[in-house]
Structure formats: structure tokens, C-alpha cells
Amino acid sequence: MELDFDNKVIVGEQLLKMRSLGNFVREAVLDIRDLDITEVLYNEVPADFRVSNTKPKIGQSLRIAIPFQFAGDEFEILVKYKTHPGATGLSWLDKSQTSGKKMDYLFTHCETIHCRSIAPFQDTPMVKSTFKAQIISPQNMIVRATGNLTEEFDYNNFRSTKFESKIPIPSYLFGIVAGDLQESELGEKVKVITERALMREAQSSLSILEPALTILEEYLSNYVWGDYKIVIQPPSFPFGGMENPLLSFASYTKIQGDASSVDDTIHEIAHSWAGNLVTPDNWNEVWLKEALATFLERKAIKSINGESAYKDKAMRGMISMQDKIIEVGADSELTKLTPNPSKVEDPDHILTPIQSEKGFGLLALMEELVGEALFKDFLIEYFDTYKFKHADSKQFEDLFVNFIYRVFDHKT
Ligand SMILES: [Zn+2]
């Protein structure tokens, strides 16, 4: 991928290694949104392709003709493309919009289905893949992306930065940040990345992250991703946070506010298990990651700051859910724990406090019914059973019922 700051576009080549799941497959279909597709190759040979009509809020399908495939057949698709200057997943900031005012800046935001505006993907949470990426930027710019940094070198007036993720991730967790960045250690496992101008403030505000990570590791299981890296974004970053593995994003406001807003960054750590390790099948199952991350975040807060901080968080969450229900209407599809996707116009609309807080209430009730120790054992089993894969509400429920039968049968 080449980052072209002058034209606010990415010029990219996406090589996908695919395997046919059925017989007589003769088309590969990828999600895109306003990508300019210049060429498509099937196993290094030019392939016919067409782009479907635009579906509002969804984008287009890139339909690639391929020779008949049978179940298990493997093949490669290479797509050469350019993004649109208005790509919904890319935010290009002029230097005047940054804190340091020295260099242009780029950050991505793929959740929910914006990754398709950055590159062609099967852009749905249940499709997870390992990947390698090479990003070309202006020479003096630091680029970081989801995955482990494997190589960084300068040539002519450019810089090449390479990344690799050996753990499969869904497309919504892919992230890039580029600018006048610095990286600094916050503890043994936690690092912060931010503009040079914000580094001192970030370092002094985020001391809670290392103990929070340790608490969650002790509660669940080892953190598998390597270092935990959090990016404190410039003040113009419009989101609270985003849990890209090895590259969580958090708003500058999170380090400016009171202790409670800094606590919100623990939520992104909790996603290292809830969502990033075990991913919901689809966006209507988003509670499986948001409510679990909220539940785990509050476990850590209770352990660090005590019962009253935990209750305060839960109360604030409840109020934000009630406000949202009033906003969307009590009989709106969006008030359901798992909304029907065909009744939701835009998956972004499901990202509300309703699913997080309804789900949190359900998890808290389950914990109350079986006791803290048993519920912890259940969550450990859930993350162990579905790690590196995806799950839906039915699988979560079945595993819980099965767990309870096993535990209580054993005792009688
Ligand atoms: Zn979240």
C-alpha cells in the first residue's frame, strides 16, 4: 500500500490466498466501497471482473470470474486498486489538525464495514485471516499497523514498513496510523504510540494499563498478542477508541478527562480476548464482544479502584443505554440484544451502548446465578474453546448450558 498524502488516496495491491468451500465455484466475491479497481489476476493471469451497483451504506461487490473450483481447491487473487479521497475508513489530517503541527497524519477506522473502502476483503467478522502488509510512506513518517513490525527501511524519498500477523484477525480489526509518531514503554508489556507533542502527557496518564493487563491475564488467560500497544490519537480523532490488536486506538480526550475516562482505555485491553481472540460471527452478535469487554473492563476496574468505582461505571453505562433507547425508540430493532440484520440499515447503527449494557446485565446476572468462581471458569472455557475463531450467541449459550450440566452433575 502506498500512502499518497497529496491526493489523500492509497494505491494498493491486495493478494488474497483463498480456498473454495464448495464444488463448482466459479466466482470470487469481495466487498469494496468506492475502490477504483484497475486490474484483477487469478493465479497470476488477468481475470474478468465486474463491480455491482452500489447498495447504500453497504458498498459494492467485486465479482471475479474464476475457473471451476472444487471444495478444498486453493487459488490466489491479486487486486490492484486505488481508494477514493472520501473513503469512509480513512481519515487524512493536514498537519494543522495535529497536535505537533509538523506533519500530515493518517488513521484508519474499519469498524464496522469500512475496511472495504481501504482494500478489497470478505469484509465480515467471521472471516479471519493472517496477513503480511507493506506500507510505503514519505521517508520521515512513522507508520504503524495492526500486526508485528517486521522490517522498516528508507529508500529514495520513501519509507517501507512491513507488518505481519500470525494470529488470524477479521478485517474490521485492521488498522494503520501514520504521522510524526513516537513509541514509548509504559511497563513491561504495554507501550504507547502518539505524536511527539503528546507523549509526555500520555505517559503520565496511562499507568493504569499495565496493572489492568495483568489482572485480566490472571482472570482469564495469557495475553497472546505480544506487546500491548495503544495509540493516543490527536484531539480531532472522532471516536472513543478502537481495539485493533497490537494497535489499539484511544482518543486524546481519554487522557485529558478524569480518572473515569482513563479507565475507558481498559475496555480496549479487554477486547484482546473479547472480539479479537473470539470474534462474533456477524454485526448483529456484536454484544458478544462489546458486553464481554465491558464486563471484563469492570472486573479490572473493581480490582484496581474498588467496588464504588465499579458501581459508578455500571450506573453510567445504564444511563447511557437508557438515553440511547429514548433516542432510537423503545420498540426499535436496535434495542434488541441481537438485532435482525435485515432490519438494520447500517451495521454502524448497532454500535450503541444498548447491546453493551444489555449484554453486561445478562453476564452479571449469569455470574450472580452461578457464583463468581464458576462464571470465571466458564469464561476461561469459552475463550479457550473459540480462541482464534468466531462464535455466535447460540454457541455461547450452548457452552454455558453444557458447562453448568457438567459442573453440577459432577457434584451430585
Ligand atoms: Zn468496545
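Residues numbered from 1 in each chain as written. Predicted model: local features only at pLDDT ≥ 70, side-chain atom pairs only at ≥ 80, totals over all residues. Heavy atoms only, no water.

Caption draft 1: Helix α2 (residues 209-219), seen in detail. Burial analysis of α2 places eight of its 11 residues in the buried class, which makes it a mostly covered element. Those residues of α2 not exposed but buried are L209, E210, A212, L213, I215, L216, E217 and Y219. (Buried < 20%, exposed > 50% of the residue type's maximum accessible area, 1.4 Å probe, protein only. Helix = DSSP H or I, 4+ residues; strand = E, 2+ residues; numbered from the N terminus.)

Caption draft 2: How the structure looks around the UniProt feature "binding site: Zn(2+)" (unreviewed entry) in the protein. Mapped onto this structure's residue numbering, the UniProt feature "binding site: Zn(2+)" (unreviewed entry) falls at H267, H271 and E290. Annotated residues spanning 24 residues; largest pairwise C-alpha distance 8.9 Å, indicating a single compact cluster. Relative to the elements of secondary structure, H271 occurs in the loop between α4 (259-270) and β21 (279-280). Among residues more than four places away in sequence, those in contact with H271 are E243, N276, L277, K289, E290 and A293. Note on placement: E290 falls in helix α5 (residues 287-305). Ignoring anything within four residues of it in the chain, the contact list for E290 reads E111, E243, H267, H271 and S356. (UniProt positions renumbered as here; feature names shortened; annotations may be inferred. Contact = heavy atoms within 4.5 Å.)

Caption draft 3: Quick look at the sheet that holds strand β12 (residues 142-145). Here four strands make up an open sheet; going across it, the order is β9-β10-β15-β12 and the pairing antiparallel. Whereas interior strands pair on both sides, the edge strands pair on one side only; in this sheet they are β9 (90-93) and β12. Across the sheet, the mean angle from the axis of one strand to that of its neighbour is 10°, orientation sign disregarded. Bridging between β12 and strand β15 (residues 176-179) involves four bridges; their strand directions are antiparallel. Bridged to R144 within β15 is V177. (Pairing = 2+ DSSP bridges. Axes fitted to C-alpha atoms, helices over the stretch in contact; angles between N-to-C directions.)

Caption draft 4: Structural context of the coordination of the zinc ion. Protein coordination at the zinc ion comes from H267 (NE2), H271 (NE2) and E290 (OE), with a distance range of 2.1 Å. Sequence positions of the donors to the zinc ion reduce to the motif H-x3-H-x18-E. Note on H271: relative accessible area 0%, which makes it buried. (Donors = N, O, S within 2.8 Å, 3.2 Å for Na, K, Ca; no water.)

Caption draft 5: Fine view of the side chain of R33. Examined against the element boundaries, R33 turns out to sit in the loop between β3 (25-32) and β4 (36-42). Despite its burial, R33 pairs with no opposite charge; the closest candidate is D346, at 5.7 Å N-O. Those residues in contact with R33 that sit more than four places away from it in its chain are K57, I58, G59, Q60, T88, I113, H114, R116 and S117. (Lys, Arg positive; Asp, Glu negative; His and termini not counted. Salt bridge = Lys/Arg side-chain N within 4 Å of Asp/Glu carboxyl O.)

Caption draft 6: Molecular detail of the packing of α5 against helix α7 (residues 353-370). Close contact between α5 and α7 brings their axes to 8 Å; oriented N to C, the two are set at 60°. As summarised for this structure, α5 and α7 are arranged oblique, according to the angle between their axes. In this structure, the crossing between α5 and α7 has a hand that is right-handed. The segment α5 lies against α7, with W287, E290, A291, L292, T294, F295, R298 and K299 engaging Q355, S356, E357, G359, F360, L362, L363, A364 and E367. Tallied by class, residues from the contact of α5 with α7 come to eight nonpolar, four polar and five charged. (Parallel < 35°, antiparallel > 145°, perpendicular 65-115°, else oblique. Left-handed = near helix turned anticlockwise from the far one by under 90°. Nonpolar A, V, L, I, M, F, W, Y, C, P; charged D, E, K, R; others polar.)

Caption draft 7: Examining the pairing of strand β10 (residues 105-108) more closely. Of the two faces of β10, the one lined by Y105 and F107 and the one lined by L106 and T108 are each fully buried. The pairing of β9 with β10 spans four bridges and is antiparallel. Its bridge partner lying in β10, W92 is registered against L106. Where β10 meets β15, two bridges bridge the pair, whose relative direction is antiparallel. Across the sheet, L106 pairs through a bridge with A178, a residue of β15.

Caption draft 8: Spotlight on the packing of α5 against helix α6 (residues 307-328). It is at 6 Å that the axes of α5 and α6 come closest, and there the two elements cross at 145°. Touching E297, R298, I301, K302 and N305 of α5 are E307, A309, Y310, K313, A314 and G317, all from α6. The class makeup of the residues in the contact of α5 with α6 is four nonpolar, two polar and five charged.

Caption draft 9: Here's a closer look at the environment of G100. As for its position among the elements, G100 is in the loop between β9 and β10. Sequence separation between G100 and L198 is 98 residues; the distance between their C-alpha atoms is 7.9 Å. Ignoring sequence-local partners within four residues, the contact set of G100 consists of E195 and A197.

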